[in-house]
Amino acid sequence: MLVDTDNRRIEKVFKGPILLDNGATYQGEWEKNTELRSGLGIQVWQDGSKYEGYWRDDKANGKGRLIHADGDVYEGIIIYIFKIFLHFQFNNVFCRGLG
């Protein structure tokens, strides 16, 4: 049993690799008895892009690294709150938000 940042008790299990509906594969931690990615995991898309990092409520959330198929790499903290995506990059002091 683990406790997340909202003090929720979450039991996690490791699964994968699993083929997702969008054609990507995911390997990592899930909330037990749910279909929600939660914890550390790796997702690889069909174009070769890959995200390695933390997940919460089935979304990339926390410290991670996104490697695009063209070789661009974004590393930092990803926060997904109320349909707003924020990305904070460590090495180039980069911040962006999408609503």
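Residues numbered from 1 in each chain as written. Predicted model: local features only at pLDDT ≥ 70, side-chain atom pairs only at ≥ 80, totals over all residues. Heavy atoms only, no water.

Asker: So what about the overall build of the protein chain? Which residues, and what values?
Answerer: Secondary structure summary: the protein chain contains zero helices and ten strands in total. Each helix and strand of the protein chain, ordered N terminal to C terminal, gives the series β-β-β-β-β-β-β-β-β-β. Each of the 99 residues in the protein chain was classed as buried or not, and the buried ones make up 28%. Taking as baseline every contact in the protein chain between residues at least 6 positions apart, the subset at least 24 positions apart corresponds to 7%. Of the accessible surface of the protein chain, which amounts to about 6,600 Å², a share of 54% is contributed by carbon and sulfur atoms. (Helix = DSSP H or I, 4+ residues; strand = E, 2+ residues; numbered from the N terminus. Buried < 20%, exposed > 50% of the residue type's maximum accessible area, 1.4 Å probe, protein only. Contact = heavy atoms within 4.5 Å. Areas by Shrake-Rupley, 256 points an atom, 1.4 Å probe, with all protein chains shown as cover.)

Asker: Describe the pattern of salt bridges, naming the residues involved and giving the relevant values.
Answerer: Any two side chains of opposite charge can pair, on the condition that their charged atoms come close. What the rule picks out here adds up to five salt bridges. The shortest N-O distance in the salt bridge between Glu 11 and Lys 32 comes to 3.3 Å. Of this pair, Glu 11 sits in the loop between strand E2 (9-10) and strand E3 (12-19) while Lys 32 sits in the loop between strand E4 (25-31) and strand E5 (37-44), and the two are 21 residues apart along the sequence. Between Glu 52 and Lys 50 there is a salt bridge; the shortest N-O distance is 3.1 Å. In the salt-bridge network here, residues are joined through shared partners; they are Lys 50, Glu 52 and Arg 65. (Salt bridge = Lys/Arg side-chain N within 4 Å of Asp/Glu carboxyl O.)

Asker: Explain the nonpolar core residue by residue, including any values.
Answerer: Grouped together as the largest cluster of nonpolar side chains are nine residues: Leu 20, Ala 24, Tyr 26, Trp 30, Tyr 51, Trp 55, Ala 60, Leu 66 and Ile 78. Taken together, the elements giving at least two residues each to this core come down to E4, strand E6 (50-56) and strand E7 (59-67). Excluding anything up to four places from it in sequence, Leu 20 contacts Tyr 26, Trp 30, Arg 37 and Gln 43. (Core = buried A, V, L, I, M, F, W, Y, C linked by side-chain atoms within 4.5 Å.)

Asker: Which residues make up the confidence of the model for the protein chain, and what are the values?
Answerer: When the pLDDT values of the protein chain are averaged, the result is 80; 72% of them are 70 or greater. Low pLDDT, under 50, characterises residues 92-99; the predicted model gives this stretch 15 contacts beyond four residues in sequence or across chains. (pLDDT = per-residue confidence, 0-100.)

Asker: Got a sec to walk through the environment of Gly 41? Specific residues and values, please.
Answerer: Tracing the chain through its elements places Gly 41 in strand E5. The class of Gly 41 is buried, set by a relative accessible area of 4%. For the pair Gly 41 and Tyr 54, spaced 13 residues apart in the sequence, the C-alpha separation amounts to 6.2 Å. Discounting residues that sit within four places of it in the chain, Gly 41 has contacts with Tyr 26, Gln 27, Gly 28, Tyr 51, Glu 52, Gly 53 and Trp 55.

Asker: Give me the pairing of E7: which residues, what numbers.
Answerer: Of the strand pairs in this sheet, E6 and E7 are connected by six bridges, and their pairing is antiparallel. Within E7, the residue paired with Lys 50 across the bridge is Ile 67. Between E6 and E7, which pair antiparallel one after the other, the connecting turn spans two residues, and Asp 57 there sits at a positive phi close to 55°. (Pairing = 2+ DSSP bridges.)

Asker: Lay out the environment of Ser 49 with the relevant residues and their values.
Answerer: Relative to the elements of secondary structure, Ser 49 occurs in the loop between E5 and E6. Owing to a relative accessible area of 8%, Ser 49 belongs among the buried residues under this scheme. In this structure the C-alpha to C-alpha distance between Ser 49 and Ala 69, which are 20 residues apart in sequence, comes to 4.5 Å. Contacts of Ser 49, omitting those with residues within four sequence positions, involve Gln 43, Val 44, Ile 67, His 68 and Ala 69. A polar atom in the side chain of Ser 49 sits 3.1 Å from the backbone nitrogen of Ala 69. (Polar contact = N/O pair within 3.5 Å; in protein donor to acceptor, adjacent residues only side chain to side chain.)

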